[in-house]
Each structure stands twice: as C-alpha cells, then as structure tokens.
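Observations on chain architecture
As a plain string of letters, each chain reads:
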Amino acid sequence: MGIADQFKDKAQELADQAKKKANEGRTEGRERTQDASERASKTSQQGRERGQDTADDIRERRDR
C-alpha cells in the first residue's frame, strides 16, 4: 500500500467520523428542542391553571 492510498484511507476515515458527529449533533439538537417545547407547554399550562384559580378566587370573594 502506497502513501497516497494511506492518505486516501485516512481522509475517508475522517470524513466518516465527521458525518457521524454531525448526525449525532442533529439528534441531540432535536432532543433538546423537544425537551424545551415540553417544558414550555407545561409552564404555559401551569400559568393557565394559576390564572383560572385566581379568577375563581376573585369571583368567590365578590360573591360573598
């Protein structure tokens, strides 16, 4: 095997590693995005529930 073949093999190996890392990064990014979306949804729901509770309390006090 010549030096040129060794360089080609090494270049291919590095290219394969780069593709693998790029795919892993995309997967991690999707997971982080999904987690953030779920947290935002929960926070939004909690805010709506608190708002509803506050509105109920105000109505209760007003009706007394």
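Residues numbered from 1 in each chain as written. Predicted model: local features only at pLDDT ≥ 70, side-chain atom pairs only at ≥ 80, totals over all residues. Heavy atoms only, no water.

Right, let's get into the overall build of the protein. Looking only at helices and strands, one finds one helix and zero strands in the protein. Here the C-alpha radius of gyration of the protein, 28 Å, is well above what a compact globule of 64 residues would show, namely 11 Å. Each principal axis of the C-alpha atoms in the protein carries an extent, and together these give about 95 × 5 × 5 Å. Here the protein holds 64 residues, and 0% of them are scored as buried. For the protein, the exposed area adds up to about 6000 Å²; of that, 48% sits on carbon and sulfur atoms. (Helix = DSSP H or I, 4+ residues; strand = E, 2+ residues; numbered from the N terminus. Rg over C-alpha atoms; globule rule 2.2 N^0.38 Å. Buried < 20%, exposed > 50% of the residue type's maximum accessible area, 1.4 Å probe, protein only. Areas by Shrake-Rupley, 256 points an atom, 1.4 Å probe, with all protein chains shown as cover.)

This model, assessed by the stated rule, comprises four salt bridges. Residues D63 and R62 are paired through a salt bridge, measuring 3.9 Å at the closest nitrogen-oxygen approach. What makes R62 exposed here is its relative accessible area of 62%. (Salt bridge = Lys/Arg side-chain N within 4 Å of Asp/Glu carboxyl O.)

Turning to its location among the elements, K10 is positioned in helix α1 (residues 3–63). A residue is classified by how much of its surface remains accessible, and K10, at 42% relative accessible area, is partly exposed. On a C-alpha basis, the gap between K10 and R64 in space is 81 Å, while along the polypeptide they are 54 residues apart.

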